[in-house]
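Examining the three-dimensional arrangement
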2 protein chains.
Amino acid sequence: MLEIGGEALVLTHDMMVEGVHWLPGQDMADVAWKLVAVNLSDLAAKGAEPVGVLLGFMLDEDDERFLAGLEEVLAAYGVPLLGGDTVSGGAPRALGLTAIGRATHRPVPSRAGAREGDALWITGPVGAAMIGLEALRNGQQGDSIAYRRPRPLLGEGRALAPFVTAMMDVSDGVLLDAARLARASGVTIDLATGQVPIAVPEGRRGDALRWGDDYQLLFTLPEGTSPPVPAHRIGRVLRPDETPLLLDGVPPRQDDRLGYSHGA
Amino acid sequence: MLEIGGEALVLTHDMMVEGVHWLPGQDMADVAWKLVAVNLSDLAAKGAEPVGVLLGFMLDEDDERFLAGLEEVLAAYGVPLLGGDTVSGGAPRALGLTAIGRATHRPVPSRAGAREGDALWITGPVGAAMIGLEALRNGQQGDSIAYRRPRPLLGEGRALAPFVTAMMDVSDGVLLDAARLARASGVTIDLATGQVPIAVPEGRRGDALRWGDDYQLLFTLPEGTSPPVPAHRIGRVLRPDETPLLLDGVPPRQDDRLGYSHGA
């Protein structure tokens, strides 16, 4: 966040690495889409309107596909490419993107504002990216769209910004991200695992709650406030307890990693 | 460049890759310094004042040295780290940095404004980074400072911004960058090779003029205007001719690469 000329700028930078964030051999058009989409999702969680992106790009043989996907995603969300850098290198390739947004509401939502008595909400189901990745590994391109082409919820984020006490996007799994929101806010969240909407069969609920890449918005509202966009109530905010997260009233097992921790 | 809230923001993103932009095994504190310095140098060339940076960082074993260097360079130039992303990966490592600056003068200088009749200037000698890299390869840490810790000329850039018709920083060699400035401006530049100050023995003048990483500022001024900071006059701007660059009045040989082309 940067205050400049009376505006609040929201800045985000995400990096993707071959073999970590995408499968070797994956269509680079999808990689370009995702690189932009995950950054725009960070802006969505701040209720910010994107004003441009900067790209750091390691050149390779499939650059045309990457540029095609980049053009597609920037056109889809009306975002200009403001600049960047191209470099040569080798495998694994790394790509970086900076997105710049303009806050549409003050205070700008953060993950640190949840208060005792708030309710916890999510915009939609989790698990779609998980089965999408499985489909992609099995060569079923068509069913993998949720993994390959996530949609940043920019409109939803802007609509929610004036109402939420805290908000973030779910990149690493709803349980892990709820725990992070609770820790940042200095509260404990009791999450009702059965109430989280899932895009997978019930038997895989546990996996879906621990899998990332869905980019739903996770947010808290004061009790009694209804969200201005479709959303599902999945928990409540309590005073700080021993652990930041309770699952159906009980602390998670110590060996439960809750989700996917990037780079750690 | 981004107009926001009545301010002109200057945004720059540079990426560095192990083995391409730094030697494997090099002190990561120096790599951090350089990553920030080259981006601040881009801001300097726009006469912009830095307001913050975002870092994309691939984790490894020597992260403490990197963070130490990062802290040092950010403190040296009074620039805050606004955010970023850390990811796991493997060799070769890639690092990206976005720098955000606030323009101090409008119009913001670009490389496209040189006009027939202008004079071409440079702030200081070239070649220091070249001998610095050679010293580093020979294990002489002390003599390699120009290569390891370049200084972005932020004060000089701000002082020059109101006067120049075009400006850029010399990252890839003074000849190559002068040709780029000429091409962007739609003019031809006649560069007097003997007038370029060099930090090396005369016998290596040709190399020094084709070597990058010195981060001097290259700029054009209307004939008769004196630069407000120490600088050296090294050429003049002519009407567009067959080639964008003349060396002492003569087009360069076709096989003369003029400098270092990143990733191309």
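Where an unreviewed UniProt entry is consulted, chain A appears under the name Thiamine-monophosphate kinase, with the organism given as Tsuneonella deserti. According to its UniProt record, chain A has this under Function (unreviewed entry): "Catalyzes the ATP-dependent phosphorylation of thiamine-monophosphate (TMP) to form thiamine-pyrophosphate (TPP), the active form of vitamin B1." According to its UniProt record, chain A has this under Pathway (unreviewed entry): "Cofactor biosynthesis; thiamine diphosphate biosynthesis; thiamine diphosphate from thiamine phosphate: step 1/1."

Moving on, we come to the packing of helix 1 (residues 28-44) of chain A against helix 2 (residues 63-77) of chain A. Relative placement of two packed helices is described by the angle separating their axes and the distance separating the axes. Residues and elements named next belong to chain A. At a minimum axis distance of 6 Å, the contact between helix 1 and helix 2 shows a crossing angle of 35 degrees. Along this stretch, helix 1 crosses helix 2, giving a crossing that reads as right-handed. On helix 2, the residues that touch Met28, Ala29, Val31, Ala32, Trp33, Leu35, Val36 and Leu40 of helix 1 are Arg65, Phe66, Gly69, Leu70, Glu72, Val73, Leu74, Ala76 and Tyr77. Partitioned by chemical class, the residues of the contact of helix 1 with helix 2 number 14 nonpolar, one polar and two charged.

As a further point, take the interface of chain A and chain B. Facing the 39 residues of chain A at the interface are 39 residues of chain B. Note on chain A versus chain B: buried area summed over both sides is about 2,900 Å², and carbon and sulfur give 72% of it. Put simply, chain A and chain B have zero salt bridges between them. Counting residues per element, the ones that place at least two in the side of chain A that touches chain B are strand 1 (2-4), strand 2 (7-17), strand 3 (48-58), strand 4 (81-87) and strand 5 (94-103) of chain A. When residues in the side of chain A that touches chain B are grouped by element, the largest group, eight residues, is from strand 2 of chain A. Here the residues of the side of chain A that touches chain B are counted per class, giving 21 nonpolar, 14 polar and four charged.

Residue and element names in this part refer to chain A. The positions UniProt marks with the feature "binding site: Mg(2+) 3" (unreviewed entry) are Asp14, Asp42 and Asp169. In terms of the greatest pairwise C-alpha distance, the residues named above, spread along 156 residues, form a tight cluster of at most 13.4 Å across. Of note, Asp42 is situated in helix 1. Assessed through its relative accessible area of 23%, Asp42 is described here as partly exposed. Sequence-distant contacts of Asp42, defined by excluding residues within four places in its chain, comprise Thr12, Asp14 and Asp169. If you trace the backbone, Asp169 turns up in strand 7 (residues 166-169). Relative accessible area serves as the criterion here: at 6%, Asp169 is assigned to the buried category. Those residues within four positions of Asp169 in sequence are excluded, and the remaining contacts are Val38, Ser41, Asp42, Ala45, Asp177, Tyr215, Gln216 and Leu217. Side chain to side chain, Asp169 and Ser41 meet in a polar contact 2.7 Å long.

Time to look at unusual backbone geometry. Each neighbour pair has its own omega, and for Arg106 of chain A with Pro107 of chain A the value is -10 degrees, a cis peptide bond. As for its placement among the helices and strands, Pro107 of chain A is situated in the loop between strand 5 and strand 6 (119-122). At Asp248 of chain B, a residue that is not glycine, the phi angle is positive and equals roughly 55 degrees. In this fold, Asp248 of chain B is placed in the segment after strand 11 (245-247). Positive phi is not limited to glycine here, since Leu258 of chain B has a value of about 70 degrees. Position of Leu258 of chain B among the secondary structure elements: in the segment after strand 11.

Conventions adopted
Every chain is numbered independently, its residues counted from 1 as its sequence is written. Going through the entries in the order they are written, you letter the chains from A and number the ligands from 1. Side-chain atom pairs in this predicted model are given and counted only at pLDDT of 80 or more, local residue features only at pLDDT of at least 70, and totals for whole chains, interfaces and linings cover all residues. For side-chain calculations, the full set of non-hydrogen atoms in the structure is used, while hydrogens and water are omitted. UniProt positions are given in the numbering used here, feature names are shortened, and annotations may be inferred rather than shown by experiment. Interaxial angle, 0 to 180 degrees, is taken between N-to-C directions of lines fitted to C-alpha atoms, where a helix line uses only the stretch in contact. Only DSSP runs of H or I reaching four residues or more are called helices, and only runs of E reaching two or more are called strands; each is numbered from the N terminus. Definitions for this section: a left-handed crossing has its near helix turned counterclockwise from the far helix by less than a right angle. A right-handed crossing has that turn clockwise. Residue contacts are defined here by distance: any two heavy atoms, one from each residue, within 4.5 Å place the two residues in contact. Classes in brief: Ala, Val, Leu, Ile, Met, Phe, Trp, Tyr, Cys and Pro nonpolar; Asp, Glu, Lys and Arg charged; the others, Gly included, polar. Buried area: the accessible area, evaluated with a 1.4 Å probe, that two parts lose upon being put together, summed over both parts. By salt bridge we mean one thing: a side-chain nitrogen of Lys or Arg within 4 Å of a carboxyl oxygen of Asp or Glu. Exposure categories follow from relative accessible area, calculated using a 1.4 Å probe and restricted to protein chains: below 20% of the type maximum is buried, above 50% is exposed, and the middle band is partly exposed. Whenever a nitrogen or oxygen atom comes within 3.5 Å of another N or O atom, the pair is scored as a polar contact, on the condition that within protein one atom can donate a hydrogen and the other can accept it, and that pairs from neighbouring residues in sequence are kept only if both atoms are in side chains.

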